Amino acid sequence: MKKISCNLCGEDNYRTICYSKDRLLNTDDKKFRIVKCNNCRLIYINPQPEQKELSKYYPDHYGSYTENKEVFKY
């Protein structure tokens, strides 16, 4: 895990909002810290998984987001 500054404004000034685990794939019981930047109010995970850890949370069968445009037709 790697501690980061805010991706939006670059500040390292945040407060912890909550802790949450991976609920989509239930990969493990690890809890991620969700923080809110005190400068721009962006909400993000800090610390974040490093590149080598990402495959655990985004396996090959993890699908990309697609928008179902049929829902929006009238």
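Criteria and cut-off values
- Residues numbered from 1 in each chain as written.
- Predicted model: local features only at pLDDT ≥ 70, side-chain atom pairs only at ≥ 80, totals over all residues.
- Heavy atoms only, no water.
- Pairing = 2+ DSSP bridges.
- Helix = DSSP H or I, 4+ residues; strand = E, 2+ residues; numbered from the N terminus.
- Axes fitted to C-alpha atoms, helices over the stretch in contact; angles between N-to-C directions.
- Salt bridge = Lys/Arg side-chain N within 4 Å of Asp/Glu carboxyl O.
- Buried < 20%, exposed > 50% of the residue type's maximum accessible area, 1.4 Å probe, protein only.

1. Brief notes about the sheet that holds strand β1 (residues 14-21)
The antiparallel open sheet is built from three strands, whose spatial order is β1-β2-β3. Of all the strands in the sheet, the pair left with one neighbour each is β1 and β3 (43-45). Adjacent strand axes in the sheet meet at a mean angle of 30 degrees, parallel and antiparallel pairs treated alike. The sheet contact formed by β1 and strand β2 (residues 31-37) spans seven bridges and is antiparallel. Bridge assignment links Ser 20 to a residue of β2, and that residue is Phe 32.

2. With respect to the pattern of salt bridges
For the structure shown, the criterion picks out three salt bridges. With a closest N to O distance of 3.2 Å, Lys 3 and Asp 12 form a salt bridge. The exposure class assigned to Asp 12 is partly exposed, which follows from its relative accessible area of 44%.

3. A closer look at unusual backbone geometry
In the segment running from Asn 46 into Pro 47, the intervening peptide bond is cis, with an omega of 5 degrees. Here Pro 47 shows up in the loop between β3 and α1 (51-57). Although it is not a glycine, Arg 41 sits at a positive phi angle of roughly 75 degrees.

4. Notes on the pairing of β2
Across three bridges, β2 lies against β3 in antiparallel orientation. Pairing of Lys 36 across the sheet is with Ile 43, part of β3. In textbook terms, the turn of a hairpin is the stretch between consecutive antiparallel strands, and for β2 and β3 this stretch comprises five residues, one of which, Arg 41, has a positive phi near 75 degrees.

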